Amino acid sequence: MRIGLISAPWIPVPPPGYGGTERVVDSLARGFAAAGHDVLLAAPSDSTCPVPLAPRMRPSEPADMGFALSELSHIIRAYDGMAGVDIIHDHTMSGPLYAHRPARVPVVTTIHIRLAPQAVDLYSAIGKTTGIIAISHDQVSRSPEVPVTKVIHHGMDVASVPVGQGNGGYLCFVGRLSPDKGILEAIQIARAAVIPLRISARIQGPEEQGYFDDVVRPALGPDVEFTGPLSDAEKYELVGGALAFLNPIQWPEPFGLVMIEALATGTPVVGTPFGAAPEIVEHGVTGYLGSVDQLAGFAAQAAGLSREACRASAEQRFSSARMVADHLALYRQILGGQALGGQALGGQALGGQAAGRGPGA
């Protein structure tokens, strides 16, 4: 196949630091190319993903993140460069509604965000002409009116992640400096468990800086170390040395790549059961899920879980190879006329079916 991939204009592919969607796009591009397909990537011109880039793309625009004009201009250039492809997978929000996309070329999009009411309106309209991929069954279950074609969990290059020994004697937290990520809850859990905590988090923008200065910094101490952002190698060393990875999220996160990164290092995940967490963490096998009050006890127990089982779960369920294969299978079915515009394979609506499937299905 000749596959066109469109990423957002704000972060290069792969991202130099934080950028979950861009990591997924990078894994897909590399995986498709390794499988023998032709890949054309419409991403910022400073992207380093080793596949051909669409012409006339501008450099990344991090200062304009979230601005409609930045995204819309990027989308116009992206679709103008998609001549000759068989199928387009658009990872932007508004791109699938572009009126001048190539005629008779099917388009697929992935919902990377929480389906808030405004997003439901957007994706309900998109589904009239575009195949929609959800990234978890929990994401689908919250808005069954969105015509989802298929649920495909994210994956990553597990083989590139070193397995840690978990012998550092500490717990760790990695994520954005946002209240809904549960950073204060992580500090509370670690202190209740009487286990040191190491935190790696990026601070982006004045709002997060204010949250750090006013709320997080006063909660630090000799038992809670804040390291700031880390490179991938440093992050995997931190997570791999931890007794457990704390993920006490306070919102229904659609997926959570950081959890599968932790499992890839062999480190069990201890967190709240919100969003897609039950689809990723096997309670009592690769971690524990419960209320914040329960998690201190679970953190102490996590050292007894099998790190080999954690790594095996990442390899078997969340590898980039599995993610790539799932996408290629869907593309083939769409090109064969079996699925497009929110219509399920075989003509059965998938929104409710996907929502009703159990965790990890």
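Please read all numbers here as calculations on a predicted model, not as lab measurements.

Cut-off values and rules
Residues numbered from 1 in each chain as written. Predicted model: local features only at pLDDT ≥ 70, side-chain atom pairs only at ≥ 80, totals over all residues. Heavy atoms only, no water. Helix = DSSP H or I, 4+ residues; strand = E, 2+ residues; numbered from the N terminus. Buried < 20%, exposed > 50% of the residue type's maximum accessible area, 1.4 Å probe, protein only. Contact = heavy atoms within 4.5 Å. Lys, Arg positive; Asp, Glu negative; His and termini not counted. Charge placed at Lys NZ, Arg CZ, Asp CG, Glu CD. Arc of directions from axis to C-beta. Axes fitted to C-alpha atoms, helices over the stretch in contact; angles between N-to-C directions. Parallel < 35°, antiparallel > 145°, perpendicular 65-115°, else oblique. Nonpolar A, V, L, I, M, F, W, Y, C, P; charged D, E, K, R; others polar. Pairing = 2+ DSSP bridges. Right-handed = clockwise from strand over helix to strand, strands pointing away. Phe/Tyr/Trp six-rings, centres within 6.5 Å; stacked < 30°, edge-to-face > 60°. Lys NZ or Arg CZ within 6 Å of the ring centre and 35° of its normal. Salt bridge = Lys/Arg side-chain N within 4 Å of Asp/Glu carboxyl O.

(A) Representation of the overall build of the protein. Scanning the protein from terminus to terminus reveals 13 helices and 12 strands. Taken along the three principal axes of its C-alpha coordinates, the protein extends 60 × 40 × 40 Å. The proportion of buried residues among the 361 residues of the protein is 55%. Within the protein, contacts between residues at least 6 apart in sequence are counted, and of these 65% link residues at least 24 apart. Taken as two groups, the 25 positive and 33 negative side-chain charges of the protein have centres that lie 6 Å from each other.

(B) Quick look at helix H10 (residues 292-301). Within the span of H10, buried status applies to Val292, Leu295, Ala296, Phe298 and Ala299. Buried positions along H10 lie against strand E7 (171-176), helix H5 (183-193), strand E10 (244-247), strand E11 (269-271) and strand E12 (287-289).

(C) Looking closely at helix H11 (residues 307-317). Taken together, the buried positions of H11 are Arg307, Cys310, Arg311, Ser313 and Ala314. Looking straight down H11, one finds its buried side chains confined to an arc of 155°; they lie on one side. What points out from H11, more than 90 degrees from its buried face, is the exposed set Glu308 and Gln316. Tucked inside the fold, the buried residues of H11 contact helix H7 (232-240) and helix H8 (257-264).

(D) Main features of the environment of Ala193. Mapped onto the fold, Ala193 is located in helix H5. According to the relative accessible area criterion, Ala193 is buried, its value standing at 16%.

(E) Examining the packing of helix H1 (residues 20-34) against helix H12 (residues 320-335) more closely. At a minimum axis distance of 9 Å, the contact between H1 and H12 shows a crossing angle of 75°. Taken together, the axes of H1 and H12 lie roughly perpendicular to each other. For the pair formed by H1 and H12, the contact residues are Val24, Ser27, Leu28, Gly31 and Phe32 on the first element and Ser320, Met323, Val324, His327, Leu328 and Tyr331 on the second. In terms of residue class, the contact of H1 with H12 is built from 7 nonpolar, 4 polar and no charged.

(F) Structural context of the pairing of strand E4 (residues 107-110). Both faces of E4 are covered, namely the face carrying Val107 and Thr109 and the face carrying Val108 and Thr110. Across 3 bridges, the pairing between strand E3 (residues 87-90) and E4 is parallel. Pairing of Ile88 across the sheet is with Val107, part of E4. Bridge count for E4 against strand E5 (residues 131-134) is 3 bridges, and the pairing is parallel. Each bridged residue has a counterpart across the sheet, and for Thr110 the counterpart in E5 is Ile133. With respect to chirality, the unit in which E4 leads through helix H3 (residues 117-126) into the neighbouring parallel E5 is right-handed.

(G) Quick peek at the packing of aromatic side chains. The tally for this structure, following the rule as stated, stands at 5 aromatic pairs. Here Phe255 and Phe318 contribute two aromatic rings whose centre-to-centre distance is 6.1 Å and whose plane-to-plane angle is 70°, an arrangement assigned as edge-to-face. Of this pair, Phe255 sits in the loop between E10 and H8 while Phe318 is found in the loop between H11 and H12, placing the two residues 63 residues apart along the sequence. Take Phe318: its relative accessible area is 1%, and that puts it in the buried class. Taking 4.8 Å as the distance between ring centres and 10° as the angle between the ring planes, the aromatic pair formed by Tyr288 and Phe298 counts as stacked. Of this pair, Tyr288 sits in strand E12 while Phe298 sits in helix H10; the two residues are 10 residues apart in sequence, bridging distant segments of the chain. Phe298 carries the same exposure label as Tyr288, and that label is buried. A cation over an aromatic ring shows up here: Arg198 above the ring of Tyr170, its NZ or CZ 4.1 Å from the ring centre.

(H) How the structure looks around the pattern of salt bridges. Enumeration according to the criterion identifies 15 salt bridges in this entry. The closest approach of N and O atoms between Arg176 and Glu208, which form a salt bridge, is 3.7 Å. Here Glu208 lies in helix H6 (residues 205-219) and Arg176 lies in strand E7, a separation of 32 residues in the sequence. Neither Arg176 nor Glu208 differs from the other in exposure class; each is buried. Between Arg191 and Asp223 there is a salt bridge, and its shortest N-O distance comes to 2.8 Å.

(I) Quick look at the packing of H8 against H11. Where H8 meets H11, the axes come as close as 7 Å, and the angle between the chain directions of the two elements is 125°. Looking at the two axes, H8 sits oblique to H11. On the side of H8, the interface is formed by Ile260, Leu263 and Ala264, while H11 contributes Cys310, Arg311, Ser313 and Ala314.

(J) Quick peek at the sheet that holds strand E8 (residues 197-202). Spatial ordering of the open sheet is given by E9-E8-E7-E10-E11-E12, a layout of 6 strands whose pairing is parallel. Each having just a single partner strand, strand E9 (224-226) and E12 make up the two edges of the open sheet. Mean inter-strand twist for the sheet, computed between neighbouring axes without regard to direction, equals 25°. Here E8 pairs with E9 via 3 bridges, running parallel.

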